[in-house]
Amino acid sequence: MPRLWDLSKGLLFRLDAEKVHRAMIGMVRLGRQAGGLPLRLAAGPLPEASAARANVLGMPFRSRVGLAAGFDKDAEILEALPELGFGFAEIGTVTPLPQPGNPRPRLFRDPERQAIFNRMGFNGAGAAAVAARLERARTRLPGDFRVGVNLGKNKDTALDDAAADYARAAAPFEGLADYLVVNVSSPNTPGLRSLQSARALLPIVAAIGEVISGWTRRPPLLLKLAPELEGVALRELIEEVERAGIDGFVLTNTLGGSFRSNGRELEGGWSGGPLTSRSRARLLEAREATKLPIISVGGILSAEEAGERVRSGAQLIQIYSGWIYRGPGFPAEISWKLAGIQRDSGA
Ligand SMILES: Cc1cc2nc3c(=O)[nH]c(=O)nc-3n(C[C@H](O)[C@H](O)[C@H](O)COP(=O)(O)O)c2cc1C
């Protein structure tokens, strides 16, 4: 299967990246409709459930390997993800109202660096539609497959009104989201990263808190940060939001940068290779600053790197670029590696 993926990649990478993404979503849905066997064959064998399972954020996870936010923004392929070897998925970023995102082209690849560049800009169907899809998917998902919902604000909402937008985005997910994520770290919504300060975050955390405190089960609330936030600033922010009631962290989002396309310099965010060392460094810094659970994401392009993240204190890991470059067998490969680490540590 890896060889087959290498051959297909050569062809697929010559086509427009967003069209290939849509085609992949369509193929995964077909595989699922065909009973899931094609997906299970593509993903390869998984370790036994007992060797892969983990307890994090107060609940069992089927495995520590998750699909990062941005791949299945609108919850279109959730039911297929357990068959593809994932233990959890983060859908979104979900905004209160549907929005088209930035003009195309807005997704590019740099295979030499195993990198992806995107300037999507929170394109999506909006919170109500995504929640309805998640509700339908829930009945067909295994009970220990976890779904996180990554929350954002609409582009046209003023930064001063951001807190209300995050609360509105969360509202339809009662009883559906296993965890929620405040995303203030995408480089593709103007001004969003300026919300990465305690002053801006506390009202956001409070507004979401007000919505979810009335729910029968209050899901944990995590914060996703940018790789550029480091050192003292990162430590201080972690300490302040922890006091405000944040339950964990997702580290990291994409690295802000630019990409030259047809003679134009486009601003956006880098995933994959350019993120590996930065994301690992942020994990180590954050692990010093907090005991709360951390989901490590960014440039995990080998099972060894996934193992390193867990050894460095990550409870869960997520992949996006690694799935594209290493192919459908990658989640299972990581699961075998992590199961080995768990066995060796006697955990
Ligand atoms: C095309 C694309 C879209 C993304 N969209 C989102 C998003 O909507 N919300 C978010 O929090 N992260 C988003 N991300 C960031 C990923 O969740 C992840 O943090 C990042 O890609 C680093 O992981 P990787 O190196 O394994 O790709 C997106 C990434 C890509 C490549």
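In what follows, the structure referred to is the one given above.
Residues numbered from 1 in each chain as written. Predicted model: local features only at pLDDT ≥ 70, side-chain atom pairs only at ≥ 80, totals over all residues. Heavy atoms only, no water.

Turning our attention to the overall build of the protein chain. Counting secondary structure elements, the protein chain contains twelve helices and 14 strands. For the protein chain, the C-alpha radius of gyration of 19 Å lies close to 20 Å, the compact-globule estimate for 347 residues. Each principal axis of the C-alpha atoms in the protein chain carries an extent, and together these give about 55 × 50 × 40 Å. Relative to its full complement of 347 residues, the protein chain shows a buried share of 59%. Relative to all contacts within the protein chain whose residues are 6 or more apart in sequence, the contacts with residues 24 or more apart total 73%. For the protein chain, the computed accessible surface area is about 14700 Å², with 53% contributed by carbon and sulfur atoms. Taking the average location of the 44 positive side-chain charges in the protein chain and that of its 37 negative ones, the two points are 4 Å from each other. (Helix = DSSP H or I, 4+ residues; strand = E, 2+ residues; numbered from the N terminus. Rg over C-alpha atoms; globule rule 2.2 N^0.38 Å. Buried < 20%, exposed > 50% of the residue type's maximum accessible area, 1.4 Å probe, protein only. Contact = heavy atoms within 4.5 Å. Areas by Shrake-Rupley, 256 points an atom, 1.4 Å probe, with all protein chains shown as cover. Lys, Arg positive; Asp, Glu negative; His and termini not counted. Charge placed at Lys NZ, Arg CZ, Asp CG, Glu CD.)

A word on a negative patch on the surface. Taken together, the side chains of E236, E239, E240 and E242 define an acidic patch exposed on the protein surface. As for its position among the elements, E242 is in helix 8 (residues 231-244). On the accessibility criterion, E242 (32% relative accessible area) is partly exposed. (Patch = residues over 30% accessible without salt bridge, like charges linked within 9 Å, V, L, I, M, F, W, Y side chains within 5 Å. Salt bridge = Lys/Arg side-chain N within 4 Å of Asp/Glu carboxyl O.)

On to the site of the ligand. Taken together, 24 residues sit near the ligand, with A69, T93, S271, G299 and S321 positioned nearest. The contact in question runs from a nitrogen atom of the ligand to an N or O atom on the side chain of T93, over 2.7 Å. Measuring from an oxygen atom of the ligand, one finds a side-chain N or O atom of N150 at 2.9 Å. Alone, the ligand offers 610 Å² of accessible surface; in the complex the protein occludes 98% of this. Residue classes in the shell around the ligand are distributed as eight nonpolar, 14 polar and two charged. (Near = heavy atom within 4 Å. Polar contact = N/O pair within 3.5 Å; in protein donor to acceptor, adjacent residues only side chain to side chain. Nonpolar A, V, L, I, M, F, W, Y, C, P; charged D, E, K, R; others polar.)

This part is about the nonpolar core. By size, the foremost hydrophobic cluster in this structure holds 85 residues, and its most contacted members are L78, L81, Y166, F173 and I208. For this core, the leading source of residues is helix 7 (residues 198-213), giving eight residues. I208 has contacts with L151, Y166, A167, A170, L180, V182 and L221, leaving out every residue within four places of it along the chain. (Core = buried A, V, L, I, M, F, W, Y, C linked by side-chain atoms within 4.5 Å.)

Moving on, we come to the layout of surface pockets. Approximately 650 Å³ is the volume attributed to the largest pocket. Taken together, 44 residues line the largest pocket, and the ones lying closest to its centre are A69, G70, K73, N118 and Y320. Contributions of two or more residues to the lining of the largest pocket are made by helix 2 (17-33), strand 4 (88-94), strand 6 (115-118), strand 12 (264-272), strand 14 (316-319) and helix 11 (321-326). At four residues, helix 2 tops the list of elements feeding residues into the lining of the largest pocket. (1 Å grid on protein atoms, 1.4 Å probe; cavity = no way out; pocket = protein on both sides within 12 Å on 5 of 7 lines; lining within 4 Å. Points joined across faces, edges and corners; volume = space filled by probe spheres on them.)

To continue, consider the pairing of strand 6. A regular strand places its side chains on the two faces of the sheet in alternate fashion. The alternating pattern of strand 6 places A115 and F117 and I116 and N118 on opposite faces, both of which are buried. Relative to strand 6, strand 5 (residues 107-110) is paired through four bridges, and the arrangement is antiparallel. Bridging across to strand 6, R109 finds its partner in I116. Counted between consecutive antiparallel strands, the loop separating strand 5 from strand 6 contains four residues, among which Q114 sits at a positive phi close to 45 degrees. As paired strands, strand 6 and strand 12 are joined by four bridges and run antiparallel to one another. If you follow I116 over to strand 12, its bridge partner there is S271. (Pairing = 2+ DSSP bridges.)

Purely geometric numbers; function is a separate question.
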